[in-house]
Amino acid sequence: CRSALDLVPFGIKPLLRRAAAYEALERYQLAYVDYKTVLQVDCSIQAAHDGVNRMTKALLEKDGVNWRQKLPPIPTVPVSAQTRWSIPSAGAPGANTPPATAPRGGPGESTAAGTERARTLKEEGNELVKKGNHKKAVEKYSESLKLNQECATYTNRALCYLTLKQYKEAAQDCTEALRLDPKNVKALYRRAQALKELK
């Protein structure tokens, strides 16, 4: 897998296979990093979503709530290596200024920092959802989406909107998620829930 990655630095198949190997060796941190890298390349890869969920659970059990602090850095995938859906999304709604500045704004540091910040905000939103504070969670997800348009963040915010009975917004978020990942089951299901309530 390493040799394949030397040839194609962000090849999905070698990354997934290396992640599976790390997982089998119980090197969960390295597996988590590879699965997250795959999702940066293409967020529609269900195997990577499943892998991230498994590794999160395993690392939480192994290292406790501070497991993220022990993670090695997650590499930033250059725009050229991302699949085609990510390029239109970066230049899509005019309100999203950070994606426009990040890819060309100089060294990849700003992109990496933005992606990392977006991830932190999403996790904070997830924690607020667990506590039942959906309104505050919406704010965190919204901040995260300004930095990085991620499928899971849209579906998470849609769940909050459903709970808050803001069905139109929930449907819009699911549509955005499906633009990134047309087969996302959560987005399809939550949009159906929202549209049912809007009838």
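About the thresholds
- Residues numbered from 1 in each chain as written.
- Predicted model: local features only at pLDDT ≥ 70, side-chain atom pairs only at ≥ 80, totals over all residues.
- Heavy atoms only, no water.
- Helix = DSSP H or I, 4+ residues; strand = E, 2+ residues; numbered from the N terminus.
- Buried < 20%, exposed > 50% of the residue type's maximum accessible area, 1.4 Å probe, protein only.
- Areas by Shrake-Rupley, 256 points an atom, 1.4 Å probe, with all protein chains shown as cover.
- Core = buried A, V, L, I, M, F, W, Y, C linked by side-chain atoms within 4.5 Å.
- Contact = heavy atoms within 4.5 Å.
- pLDDT = per-residue confidence, 0-100.
- Expected span 1.5 Å × (residues − 1).
- Axes fitted to C-alpha atoms, helices over the stretch in contact; angles between N-to-C directions.
- Parallel < 35°, antiparallel > 145°, perpendicular 65-115°, else oblique.
- Left-handed = near helix turned anticlockwise from the far one by under 90°.

## Structural notes on the overall build of the chain
Across its full length, the chain carries 11 helices and 0 strands. Secondary structure of the chain in N-to-C order comes out as α-α-α-α-α-α-α-α-α-α-α. When burial is assessed residue by residue, the chain has 41% of its 199 residues classed as buried. With the model as given, the accessible surface of the chain reaches about 11400 Å², and the carbon-plus-sulfur share is 55%.

## A short note on the nonpolar core
Ranked by internal contacts, the top residues of the largest apolar core, which has 20 residues, are L16, Y32, Y35, V38, A48, M55 and L59. Mapped onto this core, the elements with two or more residues apiece are α2 (12–24), α3 (28–41) and α4 (46–63). In terms of residues, this core owes the most to one element, α3, which gives 7 residues. Not counting chain neighbours up to four residues away, the residues in contact with Y32 comprise V52, M55, T56, L59, W67, R68, L71, I74 and R119. Ranked by size, the runner-up nonpolar core spans 11 residues in total, among them L128, Y167, A170 and A171.

## Some remarks on the confidence of the model for the chain
Per-residue confidence for the chain gives a mean pLDDT of 78; residues scoring 70 or more make up 77%. Contacts from residues 4–8, a stretch scored under 50 in pLDDT, to residues over four places away or in other chains number 5 contacts. Predicted confidence for residues 84–109 stays below pLDDT 50, and this span has 22 contacts to residues more than four positions away or in other chains.

## Remarks on helix α10 (residues 167–180)
Helical geometry: 3.6 residues make up each α-helical turn, so side chains three or four residues apart lie on a common side. For α10, with 14 residues, the first-to-last C-alpha span of 20 Å sits near the 20 Å given by 1.5 Å per residue. All buried positions along α10 are accounted for by Y167, A170, A171, D173, C174, A177, L178 and L180.

## Points about the packing of α10 against helix α11 (residues 185–198)
At a closest axis distance of 8 Å, the pairing of α10 and α11 adopts a crossing angle of 150°. Regarding the angle of α10 to α11, the classification is roughly antiparallel. Of the two possible hands of crossing, α10 and α11 adopt the one that is left-handed. Counting all contacts with α10, which are made through Y167, K168, A170, A171, C174, T175, A177 and L178, the residues of α11 involved are A187, L188, R190, R191, A194, L195, E197 and L198.

## Focus: unusual backbone geometry
The phi dihedral of E26 is positive, around 65°, even though this residue is not glycine. Structurally, the position occupied by E26 is in the loop between α2 and α3. Even without being glycine, K165 reaches a positive phi, approximately 60°. The residue K165 is located in the loop between α9 (151–163) and α10 in this model.

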